[in-house]
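Architecture at a glance
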Amino acid sequence: MENIKILKGFKTPLTGMPDLSVIQIPDPETVAVSAMDIPYIRPKLLVKENESVKTGTPLFCDKRNNCIFYVSPGAGIVKQIVFGERRRLQEVVIALDKNLDKNIDKKDDFIQFETLSKDSIDTVPRSKIIKLLQQGGLWQCFRQFPSKDTADENHEPPMIIVPLNGNDPFSPHPEVVLENETAFFEFGIKILKQFSNRIIVASRQSSLDRLNGFKGHITHIVPDFYPSWDPAVILYHLKKFKEDNRSWCIPVEHLILVARFLLSGRYPVKRVVTITRSNDKNPHIIARQGTPVKDLVGTLDENSLITTGRFNGRSVEPQSHMGFFENTLNIINDNQEEELLGFIKPGLTKPTASRTFLSCLSRDPKDLDCNIHGEERACINCGYCANICPNDLAPSFIMKALLSDEIEDALSYGLLDCCRCGLCSYVCPSKIELTQLLSQGMDAHYKDKE
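Residues numbered from 1 in each chain as written. Predicted model: local features only at pLDDT ≥ 70, side-chain atom pairs only at ≥ 80, totals over all residues. Heavy atoms only, no water.

**Concerning the overall build of the protein**
From N to C terminus, the protein includes 11 helices and 20 strands. Counting only C-alpha atoms and orienting by the principal axes, one finds that the protein spans roughly 65 × 50 × 50 Å. The proportion of buried residues among the 450 residues of the protein is 51%. Entry remark: accessible area of the protein is about 21700 Å², with carbon and sulfur atoms responsible for 48%. Taking the 54 positively charged and 58 negatively charged side chains of the protein as two groups, their mean positions are separated by 3 Å. (Helix = DSSP H or I, 4+ residues; strand = E, 2+ residues; numbered from the N terminus. Buried < 20%, exposed > 50% of the residue type's maximum accessible area, 1.4 Å probe, protein only. Areas by Shrake-Rupley, 256 points an atom, 1.4 Å probe, with all protein chains shown as cover. Lys, Arg positive; Asp, Glu negative; His and termini not counted. Charge placed at Lys NZ, Arg CZ, Asp CG, Glu CD.)

**With respect to the packing of aromatic side chains**
Tallying each qualifying case throughout the model produces 17 aromatic pairs. A centroid spacing of 4.7 Å and a plane angle of 55° characterise the contact between Tyr40 and Tyr446, whose relative ring orientation is tilted. Here the residue Tyr40 occupies a position in the loop between strand E3 (30–34) and strand E4 (43–45), and Tyr446 occupies one in helix H11 (residues 434–449), the gap between them amounting to 406 residues. Since its relative accessible area comes to 14%, Tyr40 is described here as buried. Overall, the relative accessible area of 22% leaves Tyr446 in the partly exposed class. Ring centres of Tyr226 and Phe311 lie 5.2 Å apart, and the angle between their planes is 25°; on these two criteria the pair is classed as stacked. Linking Tyr226 in the loop between strand E14 (220–222) and helix H4 (231–238) with Phe311 in the loop between strand E18 (304–307) and strand E19 (315–316), this pair joins segments that are 85 residues apart in sequence. Here Phe311 falls in the buried class, since its relative accessible area comes to 14%. Following the ring pairs from residue to residue traces out a cluster consisting of Phe10, Tyr226, Trp229, Phe311 and Tyr426. Over the ring of Phe83 we find Arg87, and its NZ or CZ is 4.0 Å from the ring centre. (Phe/Tyr/Trp six-rings, centres within 6.5 Å; stacked < 30°, edge-to-face > 60°. Lys NZ or Arg CZ within 6 Å of the ring centre and 35° of its normal.)

**Considerations on the packing of helix H3 (residues 182–192) against helix H5 (residues 252–264)**
The interhelical angle for the contact between H3 and H5, taken along N-to-C directions, is 90°, at an axis separation of 8 Å. The orientation of H3 relative to H5 falls into the category roughly perpendicular. Touching Phe184, Phe185, Phe187, Gly188, Ile189, Ile191 and Leu192 of H3 are Val252, Leu255, Ile256, Val258, Ala259, Arg260, Leu262 and Leu263, all from H5. (Axes fitted to C-alpha atoms, helices over the stretch in contact; angles between N-to-C directions. Parallel < 35°, antiparallel > 145°, perpendicular 65-115°, else oblique. Contact = heavy atoms within 4.5 Å.)

**So, the sheet that holds strand E10 (residues 143–144)**
The strand order E1-E14-E13-E12-E15-E10-E11 describes an open sheet built from 7 strands, whose pairing is mixed. Each end of this open sheet is capped by a strand with a single partner; those strands are strand E1 (2–3) and strand E11 (149–150). Sheet analysis places strand E12 (residues 160–163) next to strand E15 (residues 248–249), joined by 2 bridges and oriented parallel. For Ile160, the partnering residue across the bridge sits in E15 and is Trp248. Helix-sheet contacts for H4 involve E1, E12, strand E13 (199–204), E14 and E15, and the interaxial angle to E12 is about 130°. (Pairing = 2+ DSSP bridges.)

**What about the nonpolar core?**
Judged by nonpolar contacts, the single largest core of 63 residues is most densely connected at Phe60 and Leu262. Looking at this core, the element that brings in the most residues is H5, giving 8 residues. Formed by 27 residues, the second largest nonpolar core is a distinct cluster that contains Ile6, Met159, Phe170 and Leu235. (Core = buried A, V, L, I, M, F, W, Y, C linked by side-chain atoms within 4.5 Å.)

**Re a nonpolar patch on the surface**
A cluster of nonpolar side chains, contributed by Leu340, Leu341 and Ile344, occupies part of the molecular surface with about 330 Å² of accessible area. Summarising the element assignment, Leu341 is placed in the loop between strand E20 (328–333) and helix H7 (384–388). Residue classification places Leu341 among the partly exposed residues on the basis of a relative accessible area of 44%. (Patch = residues over 30% accessible without salt bridge, like charges linked within 9 Å, V, L, I, M, F, W, Y side chains within 5 Å. Salt bridge = Lys/Arg side-chain N within 4 Å of Asp/Glu carboxyl O.)

**Concerning the packing of helix H8 (residues 395–403) against H11**
Running from amino to carboxyl end, H8 crosses H11 at an angle of 55°, the nearest separation of the two axes being 10 Å. On the basis of their axis angle, the class for H8 and H11 is oblique. Both H8 and H11 take part in a crossing whose hand is left-handed. Contacts between H8 and H11 involve Pro395, Ser396, Ile398, Met399, Leu402 and Leu403 from the former and Leu434, Leu437, Leu438 and Gly441 from the latter. (Left-handed = near helix turned anticlockwise from the far one by under 90°.)

**Describing the pairing of strand E6 (residues 58–62)**
Of all 5 residues in E6, 4 are buried; the element is thus mostly enclosed. Here E4 runs beside E6; their pairing, made up of 3 bridges, is antiparallel. Bridging across to E6, Pro43 finds its partner in Asp62. When E6 meets strand E7 (residues 65–71), the two strands line up antiparallel, connected through 4 bridges. Residue pairing for E7: Pro58 is matched across the bridge by Val71. Counting the residues between successive antiparallel strands, the hairpin from E6 to E7 contains 2 residues.

Honestly, that's just the spatial picture; any functional story needs more than this.
Set out below in structure tokens:
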């Protein structure tokens, strides 16, 4: 195993980390496939309201590649198709069959796809694996750098990165995700070797003690501070050639889904998710994909915001559903009241990146809220964003180049190396949404190239 030396990131411990206990909740009344967490997609609906569907029935596809399907995570009736502004598809809601639990073993509830065997995977054509995953709604598990769009099936990646830890500090622990999944994990690694000769399996240092059965597969170790385990950060510190910028990544939980699907021929519907609140430890939850947010978070305080990532997730409403790529919900206090003379208080419990408060002397877990404690103003060139960026970028320089429409300068400053971790926005004393600006710049550049 090789240690990746990453010196920058968010190192403050946070309250509300989930424990390692696991509970399974019953299937909800409805599930949904959301299009809101799928980057760059141009969805084309394949079903209508009140239409019957099975588990694995295609609900919509990507107009850019009509072979890539997004399928139903349950059998039932299409209850609602939700559109947003300019009729942008938000989610397709399925009312589950009330007898689903009783009929779970009947093939009529599933679309049965072709299966592959463990022994013959080395001889199966790559094109066949791709076709099965596209039809079964799992090809989108593979993401391609630098944009993290769905992987190009015609491209052979120089490396594939498999992070064992999710992209959020509160993501499910790999011990829970990998429990009783050894055979599927090893089969998944064999599948990846059909696409690339270099497979990177990365784990946080603190996770190693609980992953004894998988240590032989782990190739790289990263520090325990966020976002060192993000695949974009790992790529930045490993790449040596220009071609490496078109590598792929796939989270370990999705790798297991791919392996389970190819072995069984059935679309896997169960997911491991975490729900976190400040000063409240919560177990890991096994739930059906697309479960309603309200069924997972339970009772909410009046001033609460639900996000799918502490630093870089999207905000969701209780009546919406979990997305395909989302495995954690953070419930954060959204109290925006102003604090009188807050800048002169010692701040013993306030997290600080600039050592403004005495809390910088303590390693006790800190509580984060949504209060930005100020208003946006001009950049003061403080350098805090550069000091915390794990990929050694200067986000303020890139931001100024983008605002001046100097895209070539932004690219030369490393725009495409941004991992969108959200830390530059978090530490900015001028309250500039740097991550949003850089993300918009990356998206605009990528769409211009299409």
